[in-house]
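Structure at a glance
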Amino acid sequence: MTDSPILLSAAQTAARLPYPALMEEIVRLLGDASVQVPQRQVLPLAGGGSLFVMPASDSRVAMTKLITFTPANAGTPRATIQGDVVVFDIASGERRLVLDGPTVTARRTAAVSVLAAQRLATNTRGPLLIVGAGVQGKAHLDAFAEVLQVRDVLIASRSAASAQALVQHAQARGLQARVVQDANAALADCPLAVTCTPAHGVVLDSLPRRDAFISAVGAFTPQMVELGPDLCRHFAQQGAVFVDTADASHEAGDLLQAGLEVSRFATLADVLAHDTPRPAGPVLFKSCGWAGWDLAAARTALAR
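This write-up is about the structure you can find in this document. Per-chain numbering applies: the sequence of each chain, read as written, is numbered from 1 onward. Side-chain atom pairs in this predicted model are given and counted only at pLDDT of 80 or more, local residue features only at pLDDT of at least 70, and totals for whole chains, interfaces and linings cover all residues. Derived side-chain values reflect all non-hydrogen atoms in the structure, with water molecules and hydrogen atoms excluded from consideration.

1. Let's talk about the overall build of the chain
What counts here: Here a strand is any run of E in DSSP of at least two residues, a helix any run of H or I of at least four, and the numbering for each starts at the N terminus. The classification of residues rests on relative accessible area computed with a 1.4 Å probe and restricted to protein chains. Under 20% of the type maximum is buried, over 50% is exposed, and intermediate values are partly exposed. Computed with a 1.4 Å probe, the accessible areas rest on the Shrake-Rupley method; for each residue, only the protein chains presented here act as cover. For the purpose of charge, His is not counted, nor are the chain termini; Lys and Arg are scored as positive and Asp and Glu as negative. To locate a charge, the coordinates of NZ of Lys, CZ of Arg, CG of Asp or CD of Glu are taken.
For the chain, the count of helices and strands is 10 helices and 13 strands. With the C-alpha coordinates aligned to their principal axes, the bounding extent of the chain is approximately 55 × 40 × 40 Å. The burial tally for the chain puts 53% of its 304 residues in the buried class. For the chain, the exposed surface amounts to about 12700 Å²; the carbon and sulfur share of it is 51%. Charge centroids of the chain, computed over 25 positive and 26 negative side chains, lie 4 Å from each other.

2. Digging into the sheet that holds strand S4 (residues 81–89)
As a reminder of what qualifies: Only strands joined by at least two bridges in the DSSP assignment are considered to pair. Between the N-to-C directions of two axes lies an angle of 0 to 180 degrees, each axis being a line fitted to C-alpha atoms and, for a helix, fitted only over the stretch in contact. Two residues form a contact once any of their heavy atoms are found within 4.5 Å.
An order of S1-S2-S3-S4-S5 is seen for the 5 strands of this open sheet, with the pairing classed as antiparallel. On the outer flanks of this sheet lie strand S1 (41–44) and strand S5 (95–100), each paired with one strand and no other. Strand-to-strand, the axes of this sheet are offset by a mean angle of 15°, without reference to chain direction. Here 8 bridges tie strand S2 (residues 50–57) to strand S3 (residues 61–69), and the two strands are oriented antiparallel to one another. The residue bridging Leu 51 from the neighbouring strand is Thr 68, located in S3. Across the sheet, helix H3 (residues 101–120) is in contact with S2, S3, S4 and S5; its angle to S4 comes to roughly 90°. Across the face of the sheet, helix H10 (residues 291–303) comes into contact with S2, S3, S4 and S5 while running at roughly 120° to S3.

3. Quick notes on the packing of helix H2 (residues 19–30) against helix H4 (residues 135–148)
Keep this limit in mind: When an angle is under 35 degrees it counts as roughly parallel; over 145 it counts as roughly antiparallel; between 65 and 115 it counts as roughly perpendicular; any other value is oblique. The residue classification treats Ala, Val, Leu, Ile, Met, Phe, Trp, Tyr, Cys and Pro as nonpolar and Asp, Glu, Lys and Arg as charged. All others, Gly included, are polar.
Remark: H2 packs on H4, axes separated minimally by 10 Å, with the N-to-C direction vectors making an angle of 90°. When the axis of H2 is compared with that of H4, the two are roughly perpendicular. In this structure, H2 contributes Tyr 19, Pro 20 and Met 23 to the contact, and H4 contributes Ala 139, Asp 142, Ala 143, Glu 146 and Val 147. Its residues assigned to classes, the contact of H2 with H4 comprises 6 nonpolar, no polar and 2 charged.

4. Focus: the pattern of salt bridges
Basically, it comes down to this: The salt bridge definition used is simple: a Lys or Arg side-chain nitrogen within 4 Å of an Asp or Glu carboxyl oxygen.
Counted according to the given criterion, the structure contains 12 salt bridges. Its salt-bridge partner being Lys 138, residue Asp 142 comes within 3.5 Å of it at the nearest N-O pair. One end of the pair is Asp 142 and the other is Lys 138, both in helix H4 and 4 residues apart, which spans about a single turn. The salt bridge involving Arg 209 is made with Asp 211; its shortest N-O contact spans 2.8 Å. One salt-bridge network, in which partners are shared between bridges, spans Glu 25, Arg 28, Asp 32, Asp 58 and Arg 299.

5. As for unusual backbone geometry
Omega for the peptide link from Gly 126 to Pro 127 comes to 5°, which places this bond in the cis form. Relative to the assigned elements, Pro 127 resides in the loop between H3 and strand S6 (128–131). Even without being glycine, Gln 149 reaches a positive phi, approximately 60°. Its location among the elements puts Gln 149 in the loop between H4 and strand S7 (152–156).

6. Details of the pairing of S7
Which entries qualify depends on this criterion: Whether a crossover is right-handed depends on one test, that the path from the first strand over the helix to the second runs clockwise when the strands point away from the viewer.
With respect to burial, S7 is a largely interior element, 4 of its 5 residues being buried. Examined bridge by bridge, S6 and S7 share 4 bridges and lie parallel to one another. Of the residues in S7, the one forming a bridge with Ile 130 is Ile 155. At this point the chain moves from S6, through H4, to the parallel S7, and the crossover so formed is right-handed. Pairing geometry for S7 and strand S8 (residues 176–179), over 4 bridges, is parallel. Following the sheet pairing, Leu 154 is matched in S8 by Arg 178. Between the parallel pair S7 and S8, the chain is carried across by helix H5 (residues 160–172), and the sense of this crossover is right-handed.

7. Here's the deal with the nonpolar core
Rule in force here: Each nonpolar core is a collection of buried residues, namely Ala, Val, Leu, Ile, Met, Phe, Trp, Tyr and Cys, held together in the definition by side-chain atoms within 4.5 Å.
The biggest cluster of nonpolar side chains holds 102 residues, and the ones touching the most others in it are Leu 129, Phe 144, Phe 213, Leu 255 and Leu 284. No other element matches H3, which puts 10 residues into this core. If we skip the residues at most four places from it in the chain, Phe 213 touches Ser 113, Ala 116, Ala 117, Leu 120, Ala 121, Pro 191, Leu 192, Ala 193, Val 283 and Phe 285.

8. Looking at the packing of aromatic side chains
Given two aromatic rings, one states the distance between the centres and the angle between the planes to describe the pair. Stated formally: For Phe, Tyr and Trp, where Trp contributes only its six-membered ring, two rings pair if their centres lie within 6.5 Å, and the inter-plane angle classes them as stacked under 30 degrees, edge-to-face over 60, or tilted in between.
Enumeration according to the criterion identifies 3 aromatic pairs in this entry. With a centroid separation of 4.9 Å and 75° between ring planes, the pair formed by Trp 290 and Trp 293 is classed as edge-to-face. Neither residue differs from the other here; Trp 290 and Trp 293 are each classed as buried. Taken together through their ring pairs, the aromatic side chains of Phe 52, Phe 69 and Phe 220 make up a single cluster.

9. Some details on the environment of Ala 11
Structurally, Ala 11 is set in helix H1 (residues 10–15). The sequence separation of Ala 11 and Ala 110 amounts to 99 residues, and the corresponding C-alpha distance is 16 Å.

The structure is reproduced here in structure tokens:
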């Protein structure tokens, strides 16, 4: 048992998951043959919510993320994602840590997006367009600013208050930031974009710049969508599409609803294993989430 507190707050969890270290651990995990990640279990709940059970293990650590996803909480003081990540030592069976689930989800998702941008984007200077000003929007702003040194951010959100709060957070970091009303119009000025909305409907459908990189993280079921079908098909035909894992073949609502054969797209593991060169055209990175990313976060937290 470590001397550190077992039950970590959101702030304590974040402190153990600095983006550079988390990104390095994600790369190591994708090369670790001992990693096992069964398919996540999703239990529909009354009222439109879901209970997610996401286990994973390697030769030393076992963990389970247990969270609720409640879309109806969007725009209210209640978080849409709530729960914990419980981490065990395999040799002893000991519970080592209980991490804050929403913090792990936000930081590992942003770390995966930045890692993909670092490897695949042709223009990482920005400006960065963030569509959705919630927890994921803030995490992606922080990650892109810290890792890629992006200094200029445009923020689009259905909630004016949330958008303004994220602008103020960016300005407190010393960034240039402003609210935009039309995300599609702003896309023409932004080589980097992230969509992290509740995925109730299409938020981007205009064609991107040739040097565009979009990370779409909000839609993670076949029914959810953030990107218009013509936009997805444009990436597939005129640029390149990548997915976080092979599970996207049955989870990536944006791509599935565009009629694309998702299984033909390379994964982040493929990119790293084959040192994939940066594509010449626009790049779409579709992220659906994976318990392996949570395991990477657990390993990072334990190491610190």
